[in-house]
Amino acid sequence: MKLVHTKTELDQLVAEAKSAGQRVGFVPTMGALHEGHLRLVDIAREQADFVVVSIFVNPLQFGEGEDFDKYPRTLEADCEALEGRQCDVVFAPSATEVYPPDGKPGKPTERAGIIGSTFEGSARPGHFDGMLTVVARLLNLVDPDVAVFGQKDAQQVFMVRKLMDAKFPQVELVVAPTIREASGLAMSSRNRYLTPAQRETATVISKALRAVDFAAKHGLPASFCIEAGHTLFAGEPEAKLEYLAVVDPQLFKPVNDKFKGEALAIVAARVGGVRLIDNQIIEIREQDA
Ligand code: PAF
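First things first, this report covers the structure right here in the doc. Since we're looking at a predicted model, the values are computed, not measured.

Within the protein chain, the secondary structure is distributed over 9 helices and 10 strands. In terms of C-alpha radius of gyration, the protein chain reaches 19 Å, essentially the compact-globule figure of 19 Å for 289 residues. For the protein chain, the spread of C-alpha atoms along the principal axes amounts to about 60 × 35 × 35 Å. When each of the 289 residues of the protein chain is scored for burial, the buried share is 53%. The contacts of the protein chain with a sequence gap of at least 6 include a subset with a gap of at least 24, amounting to 72%. Just so you have it, the protein chain exposes about 13400 Å², and 53% of that area is on carbon and sulfur atoms. Each charge class in the protein chain can be summarised by its mean position, and for the 32 positive and 40 negative side chains these summaries are 3 Å apart.

Below you can see the structure in the form of structure tokens.
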């Protein structure tokens, strides 16, 4: 595995792989890797012969008062973890490589549109514009055949799919399932900030999603499914629910009570100072007889 920091070094390695007829897989990350990321690498490996993982904490997707400065930067540990997972190249660019000439991002060059200001976008104004901008830069820098993103960030995946369909149709998008701890808590770089007690509290998030799923399977209308999830939060005052919604996965807009079929339950909540998100694909069935 090679660690490179510049586009020139990366270009050479990717060009060598491509000229040897290899399919190039790409996993963009912001580092602080956990098992969830490493599974994305495993999936990239299944899809490609040569795997590039980028590690770049993108200032443009952090808003005022968010955790950009204190976002964990653990390059050495990340590289050690990747050594064990058949990664070929770790691309850890400086800000100047990503945002030339001076490393200052300036204004986002990609726009997330209306859906970009709902749910996560409403809590984090500008986040999706910044995320899409860096994803576009990284896809241009790496030039992969396939890119792997985690379902955990469902709204991000929705936006990235639109970006890739429009601007990177040559790159295949693979969405990897969310990896969970035994308690059901979705793996996230932010889990490291939770105390053991808060980790326990945070399990309400996946429990609420399971309650939504259960209600959907029994044919309850979307608003009742959401209510079932709310009930779980009502019993866990240490978790502050920000939103719990059921959206149409094609539109990322809330479904109405007539909706039947595959939908996506999405949730965001704060536990202590830590903001956590999760989601689950559900099937709203016809009402039980
Ligand atoms: O999901 C993330 O870690 C980031 O949003 C991404 C896709 C690496 C862009 O900075």
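The subject of this paragraph is the packing of helix H6 (residues 127-142) against helix H7 (residues 154-167). Closest axis-to-axis distance for the H6/H7 pair is 10 Å, and the angle between their directions is 50°. Here H6 lies oblique to H7, going by the angle between them. In this structure, the crossing between H6 and H7 has a hand that is right-handed. Of the residues in H7, those touching H6 at Phe-128, Met-131, Leu-132, Val-135, Ala-136 and Leu-139 are Gln-155, Gln-156, Met-159, Val-160, Leu-163 and Met-164. Taken together, the residues that form the contact of H6 with H7 break down as 10 nonpolar, 2 polar and no charged.

About the thresholds
- Residues numbered from 1 in each chain as written.
- Predicted model: local features only at pLDDT ≥ 70, side-chain atom pairs only at ≥ 80, totals over all residues.
- Heavy atoms only, no water.
- Helix = DSSP H or I, 4+ residues; strand = E, 2+ residues; numbered from the N terminus.
- Rg over C-alpha atoms; globule rule 2.2 N^0.38 Å.
- Buried < 20%, exposed > 50% of the residue type's maximum accessible area, 1.4 Å probe, protein only.
- Contact = heavy atoms within 4.5 Å.
- Areas by Shrake-Rupley, 256 points an atom, 1.4 Å probe, with all protein chains shown as cover.
- Lys, Arg positive; Asp, Glu negative; His and termini not counted.
- Charge placed at Lys NZ, Arg CZ, Asp CG, Glu CD.
- Axes fitted to C-alpha atoms, helices over the stretch in contact; angles between N-to-C directions.
- Parallel < 35°, antiparallel > 145°, perpendicular 65-115°, else oblique.
- Left-handed = near helix turned anticlockwise from the far one by under 90°.
- Nonpolar A, V, L, I, M, F, W, Y, C, P; charged D, E, K, R; others polar.

Note that all results are geometric; they support no functional claim without further evidence.
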